[in-house]
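Topology and contacts: notes
What follows is each chain in one-letter form.
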Amino acid sequence: MTEPDALPARPAPMLRPTSRFMLAHPAHVIALGFGSGLSPVAPGTAGTLWAWLAFLVLQHWLSSTQMGLLIAAAMLIGWWACTITAQHMQVADSGHIVWDEIAAFWLVLWLVLPAGWTMQLAAFGLFRAFDALKPEPMAWADRHFKGFGPRGGFGIMFDDVLAAFCTLLVLSLWSRW
C-alpha cells in the first residue's frame, strides 16, 4: 500500500529504443529518423546518412523553394517530435533521436548544393565532427537547453542547427581559399 502523498514512480530511462517503441507514436517515428536512429552503432551518423540520401532523392521532385519550406517545416515538426520522444524515453537528448541531425544536415545540403561529391563528403564529415565533438557554440547550446518539455526539444534541435552553421562557415572559408 502506498502513502497518499507518495509520488508516482517514474519509468526508467530508455537507453535503446526498439521498433515497437518507434511505431507506438508518430513523434517517435519522426524523432528516430524513420528507423535510422535505431542503429546500434553511431545512430547520429546513420541519421545523417539517411538525411543525405533522402535529400538527394527529394531534390529531384522539389524546387529549391519547396525544399526550403520542407526544411522549415522539418525544424518545427522536429521540435515537437523530439520533445515528445525525449519525454517518453525519459532521456533529455538521446543519441537515438536523430531528427535534429536530419533537418540540420538538410539545411547544409540545401545551401551547399549543387556541389560535387568532395564538397558533400566534406560537409558530412564537418557536420558530424561539430555535432559529435560539440565545441563552442554547440556546447553552450547543449548546456543551456537541456531538459524535458519544449525547452528541451528546442535544445535537441538547436545545437545541430549551430553545427550546420559552423559547417557552412568552414565550407565557405574553404571554398574561398
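Attention here is on the structure that accompanies the text. (Residues numbered from 1 in each chain as written. Predicted model: local features only at pLDDT ≥ 70, side-chain atom pairs only at ≥ 80, totals over all residues. Heavy atoms only, no water.)

**A few points about the pattern of salt bridges**
Counted by the stated rule, this structure contains 6 salt bridges. Across the pair Arg128 and Glu101 runs a salt bridge whose closest N-O atoms are separated by 4.0 Å. One end of the pair, Arg128, is in helix α6 (residues 117-133); the other, Glu101, is in helix α5 (residues 99-112), with 27 residues separating them in the sequence. Here the two residues Arg128 and Glu101 agree in accessibility, since each one is buried. For the salt bridge of Asp159 with Lys134, the shortest nitrogen-to-oxygen distance reads 2.6 Å. (Salt bridge = Lys/Arg side-chain N within 4 Å of Asp/Glu carboxyl O. Helix = DSSP H or I, 4+ residues; strand = E, 2+ residues; numbered from the N terminus. Buried < 20%, exposed > 50% of the residue type's maximum accessible area, 1.4 Å probe, protein only.)

**Comments concerning unusual backbone geometry**
Note the cis peptide between Leu113 and Pro114, where omega equals 10°. Cis geometry marks the peptide bond from Glu136 to Pro137, where omega comes out at 5°. Position of Pro137 among the secondary structure elements: in the loop between α6 and α7 (138-144). Notably, Phe34 is not glycine yet its phi reads approximately 55°, a positive angle. Relative to the helices and strands, Phe34 is located in the loop between α2 (26-31) and α3 (43-58). The phi dihedral of Lys134 falls on the positive side, at around 50°, and the residue is not glycine. With respect to the helices and strands, Lys134 occurs in the loop between α6 and α7.

**So, the packing of aromatic side chains**
Applying the stated criterion across every chain, the model contains 14 aromatic pairs. Taking 5.5 Å as the distance between ring centres and 20° as the angle between the ring planes, the aromatic pair formed by Phe34 and Trp50 counts as stacked. Residue Phe34 is found in the loop between α2 and α3, and its partner Trp50 is found in helix α3; the two are separated by 16 residues along the sequence. Residue class for Trp50 comes out partly exposed when judged on its relative accessible area of 28%. Between Phe34 and Trp99, the ring centres sit 6.0 Å apart and the planes meet at 65°, which makes this aromatic pair edge-to-face. Residue Phe34 is found in the loop between α2 and α3, and its partner Trp99 is found in helix α5; the two are separated by 65 residues along the sequence. Each residue in the set Trp52, Phe105, Trp117, Phe124 and Phe127 is aromatic and connected to the rest through ring pairs, giving one cluster. (Phe/Tyr/Trp six-rings, centres within 6.5 Å; stacked < 30°, edge-to-face > 60°.)

Everything listed is a geometric property; what it means functionally is a separate question.
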